Amino acid sequence: MSKSNQTLGGILILVGLAGLLGHFFDFHIFSMARLWPLFILVPGLAFEYGYFSKRQAPGLLVPGGILMTLGIVFLIQTYTNWVFAGYMWPFYILAPAIGLFQFYLFGGHNRGLLVPVGILTTVAVCGFLGSAFSFINRSMIWPIALIVAGLIILTGKGNETAK
């Protein structure tokens, strides 16, 4: 038996065992309620593979980057029961920026693409910052500031002016 057959057989056994566990212990890791984002992620990976396998048609990277980003976000959301949905929404704005930036990098460095990439990224970063401030309890700001100040002192970054 070849090494690849052994690997495939082992993977199939593990997936089957996980499926059986789901029936007995309410452990639904392989249910459609969890895996539907693969219908977004897999086409995104196919677009990425379409470009990187032949290094032709860099336009494939735009939908590839968008679908991969959204597929990963939706997978995370389904496995965390959408607990972080209120904080991960900026990824929906960042997804087109990722696709366009890939197109910029591998499609001839058209500087005009950097304008929408910059705008979308700025809006997404502002969204992430706003989400972070709403996530962090206001009573946590002073302890975090003290920790950062202590780390700066310990690493010697604040002593450069004293020399």
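Going by the structure above, here's the rest.
Counting restarts for each chain: residues are numbered from 1 in the order of the written sequence. In keeping with the predicted nature of the model, local features appear solely for residues at pLDDT of at least 70, side-chain atom pairs appear and are counted solely at 80 or more, and the whole-chain, interface and lining totals rest on all residues. Excluding hydrogens and water, the side-chain values take into account all heavy atoms of the structure.

Chemist: Whenever I open this one, the overall build of the protein confuses me. Can you help?
Modeler: Elements are defined by DSSP. Helices are runs of H or I of four residues or more, strands are runs of E of two residues or more, and each kind is numbered from the N terminus. A tally of regular secondary structure across the protein gives eight helices and zero strands. When the helices and strands of the protein are read in sequence order from the N terminus, they spell out α-α-α-α-α-α-α-α. Between buried and exposed lies partly exposed: a residue is buried under 20% and exposed over 50% of the maximum accessible area for its type, with that area taken using a 1.4 Å probe on protein chains only. Taking all 163 residues of the protein together, 20% fall into the buried category. The contact rule is simple, with two residues in contact once any of their heavy atoms fall within 4.5 Å. Pairs at least 24 apart in sequence give 55% of the contacts found in the protein among residues at least 6 apart. With the model as given, the accessible surface of the protein reaches about 11,300 Å², and the carbon-plus-sulfur share is 74%. Method for areas: the Shrake-Rupley scheme with a 1.4 Å probe, in which residue coverage is limited to the protein chains shown.

Chemist: How do you make sense of unusual backbone geometry when you look at a structure like this?
Modeler: Peptide bonds are mostly trans, and most non-glycine residues show a negative phi. Although it is not a glycine, Ala-57 sits at a positive phi angle of roughly 60 degrees. Along the chain, the position of Ala-57 falls in the loop between α3 (38–54) and α4 (61–79). At Asn-81, a position not held by glycine, the phi torsion is positive, near 55 degrees. As for its placement among the helices and strands, Asn-81 is situated in the loop between α4 and α5 (85–88).

Chemist: Looking at this model, I keep getting lost on α3. Mind explaining?
Modeler: The α-helix advances 3.6 residues per turn, and as a result positions three or four apart in sequence lie on the same side. Taking 1.5 Å per residue as the helical rise, α3 with its 17 residues ought to reach 24 Å, and the 24 Å between its terminal C-alpha atoms agrees with that figure. Of all the residues in α3, the buried ones are Leu-41, Gly-44, Glu-48 and Tyr-51. Across the axial projection of α3, the buried residues extend over an arc of 95 degrees, all falling on one side. Seen from the open side of α3, the exposed residues pointing more than 90 degrees away from its buried face are Phe-39, Tyr-49 and Lys-54. Looking at the buried residues of α3, the elements they touch are α4 and α6 (90–106). The first or second residue beyond α3 is Arg-55, which carries a positive phi of 55 degrees. Helices are assigned an expected span. That span is 1.5 Å times one less than the residue count. Think of the arc as the fan of directions from the helix axis to the C-beta atoms.

Chemist: I tried to follow the packing of α3 against α4 on my own but got confused; where do I start?
Modeler: Note on method: axes are straight lines fitted to C-alpha atoms, helices fitted across the in-contact stretch only, with angles between N-to-C directions ranging 0 to 180 degrees. Two elements in contact, α3 and α4, have axes separated by 7 Å at closest approach and are oriented at 145 degrees. As α3 packs across α4, the resulting crossing turns out to be left-handed. Residues Leu-38, Ile-40, Leu-41, Pro-43, Gly-44, Leu-45, Phe-47, Glu-48, Tyr-51 and Phe-52 of α3 pack against Leu-61, Pro-63, Gly-64, Gly-65, Leu-67, Met-68, Leu-70, Gly-71, Ile-72, Phe-74 and Leu-75 of α4. Three categories are distinguished: nonpolar for Ala, Val, Leu, Ile, Met, Phe, Trp, Tyr, Cys and Pro, charged for Asp, Glu, Lys and Arg, and polar for the others, with Gly belonging to the last. Among the residues forming the contact of α3 with α4, the class breakdown is 16 nonpolar, four polar and one charged. Note on convention: the crossing is left-handed when the near helix lies turned anticlockwise from the far helix by less than a right angle, right-handed when the turn is clockwise.

Chemist: Help me understand the side chain of Thr-78, please; the structure alone is not making it clear to me.
Modeler: Within the secondary structure, Thr-78 is located in helix α4. Among the polar contacts listed, one links the side chain of Thr-78 to the backbone oxygen of Leu-75, at a separation of 3.0 Å. Identification of polar contacts relies on pairs of N or O atoms within 3.5 Å, with a donor-acceptor requirement for protein atoms, meaning one able to donate a hydrogen and the other able to accept it, and with residues adjacent in sequence counted only if both atoms are side-chain atoms.

Chemist: It is not clear to me how helix α8 (residues 141–155) should be interpreted in this structure. Could you clarify?
Modeler: A rise of 1.5 Å per residue sets the reference length of α8, with its 15 residues, at 21 Å; its end C-alpha atoms lie 21 Å apart and thus fit the reference within 8%. Taken from the residues just after α8, Gly-156 is the one with a positive phi, measuring 80 degrees.

Chemist: Looking at this structure, I do not really get the side chain of Gln-77. What am I missing?
Modeler: On the secondary structure map, Gln-77 appears in helix α4. When residues no more than four places from it in sequence are discounted, the contact partners of Gln-77 are Trp-82, Val-83, Phe-84, Ala-85 and Met-88.

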